[in-house]
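Now for the letters of each chain:
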Amino acid sequence: MTIYNFSAGPAVLPRDVLLQVQAEMLDWHGSGMSVMEMSHRGKEFMGIAAEAEADLREVMGIPAHYKVLFLQGGASSQFSMVPMNLLRGKAGADYLNTGEWSKKAIKEAKRYGAVNVVATSEDKNFSYAPTQDQWKLDPDAAYVHYTPNETIGGVEIFWTPETGSVPLVADMSSTILSRPIDVSKFGVIYAGAQKNIGPAGLTIVIVRDDLMGQTVPGTPTMFDYKIHADNDSMYNTPATFSMYTAGLVFKWLQTRGGLSAMEKTNREKAGLLYDTLDATDFYSSPVAQGNRSLMNVPFTLKDAALDEAFLKGAQARGLIQLKGHRSVGGMRASIYNAMPIEGVRALVDYLREFEKDHG
Ligand SMILES: *Cc1c(COP(=O)(O)O)cnc(C)c1O
């Protein structure tokens, strides 16, 4: 039976990538070593790292005046690293609050400075994102932080905020690489790898050169972007195997036509799923039309008493990890780049059939 894994993260990886990892597991390119066993300062791994960075730069169109950092500590560490590096003597920063991950970023930033919440969608249980005309930006803010895709709530922002000369910072953990973006509009972009990039353990940070080198006093060495930039992400031992696998994912994206092609497929996949949910009142999507995530699709059954039967039936068909986040309940289907459209079709078929049997 084919298994389709709808986990929000760690998540499905492209099968071709896993097969290549398997083929190269014991002996990478005649080196006699697994990538896991290589010195991060040896010529083999230095080559792997340089190629991964070059490929990511190509895929995302990252301008030369941005550094790409391969760090650890997850997106959660960035909740602290962002204020530590970007406050640069200013009193505080602007944050948009669209859900669980925004709230965590805000909570952490408050340890270092004042947080001005420019807008919040808490009034409607984080089911939409306030448009920019509703934001109250502070012209003196050190930066503006937002979460373009709230992984738990399934709320995505498809436009890029205009913040003038104030740097824009985005937690792109669950939307990076799903569609093209204009990197030059951002000061910092960060993402944990385990959603749409590769294995857990790697965190990618894309940071504009002029935003480094002015950390708040007491910032640990490991939390200083400039230290990592000056050392090509090798100040300490990086997550070598995750970097290697992420590099293979970047090549996979290139062979599939890059991010425009990804967006096309992702829109097709998400469209199929939302259309099916909308076609009946047996299921419902809690998210406002204009903010429905292409990557994470939460939905509920009209009768929550059927949840368990739904999950059991799904599991029996190889449709796994569909249980919603513990904080919201219901279901959630994460359909990242690596989820083939066949997986979404299988889910849609099951949705219709379950309704027929229980509706
Ligand atoms: C998963 C996730 C995080 C947390 O990532 P970790 O790598 O576990 O720290 C933060 N923000 C968003 C948007 C996420 O999806």
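For the structure, see preceding data.
These numbers were taken from a predicted model, which means no experiment stands behind them.

Conventions we followed
- Residues numbered from 1 in each chain as written.
- Predicted model: local features only at pLDDT ≥ 70, side-chain atom pairs only at ≥ 80, totals over all residues.
- Heavy atoms only, no water.
- Helix = DSSP H or I, 4+ residues; strand = E, 2+ residues; numbered from the N terminus.
- Contact = heavy atoms within 4.5 Å.
- Buried < 20%, exposed > 50% of the residue type's maximum accessible area, 1.4 Å probe, protein only.
- Pairing = 2+ DSSP bridges.
- Expected span 1.5 Å × (residues − 1).
- Arc of directions from axis to C-beta.

Caption draft 1: Molecular detail of the side chain of Thr240. Structurally, the position occupied by Thr240 is in helix H6 (residues 240-255). The residues contacting Thr240, other than those within four sequence positions of it, are Val35, His40 and Phe45.

Caption draft 2: A look at the pairing of strand E12 (residues 296-301). Counting buried positions along E12 yields 5 of 6 residues, so the element is predominantly enclosed. In terms of strand pairing, strand E11 (residues 283-284) meets E12 through 2 bridges, oriented antiparallel. For Tyr283, the partnering residue across the bridge sits in E12 and is Leu301. Looking at chain direction, E12 and strand E14 (residues 331-334) are connected through 4 bridges and run antiparallel. For Val297, the partnering residue across the bridge sits in E14 and is Ala333.

Caption draft 3: Structural detail: helix H7 (residues 258-278). If you check H7, its first and last C-alpha atoms are 30 Å apart, about what 21 residues at 1.5 Å a residue would give, namely 30 Å. Every buried residue of H7 is accounted for by Gly258, Leu259, Met262, Asn266, Lys269, Ala270, Leu273, Tyr274, Thr276 and Leu277. Buried residues of H7 fall within an arc of 155° about the axis and therefore sit on the same side. Residues of H7 that are exposed and point more than 90 degrees away from the buried face comprise Ser260, Lys264 and Asp275.

Caption draft 4: Structural view of the environment of Leu177. Mapped onto the fold, Leu177 is located in the loop between strand E8 (168-171) and strand E9 (188-192). Linking Leu177 and Leu253, residues 76 residues apart in sequence, is a C-alpha distance of 8.6 Å.

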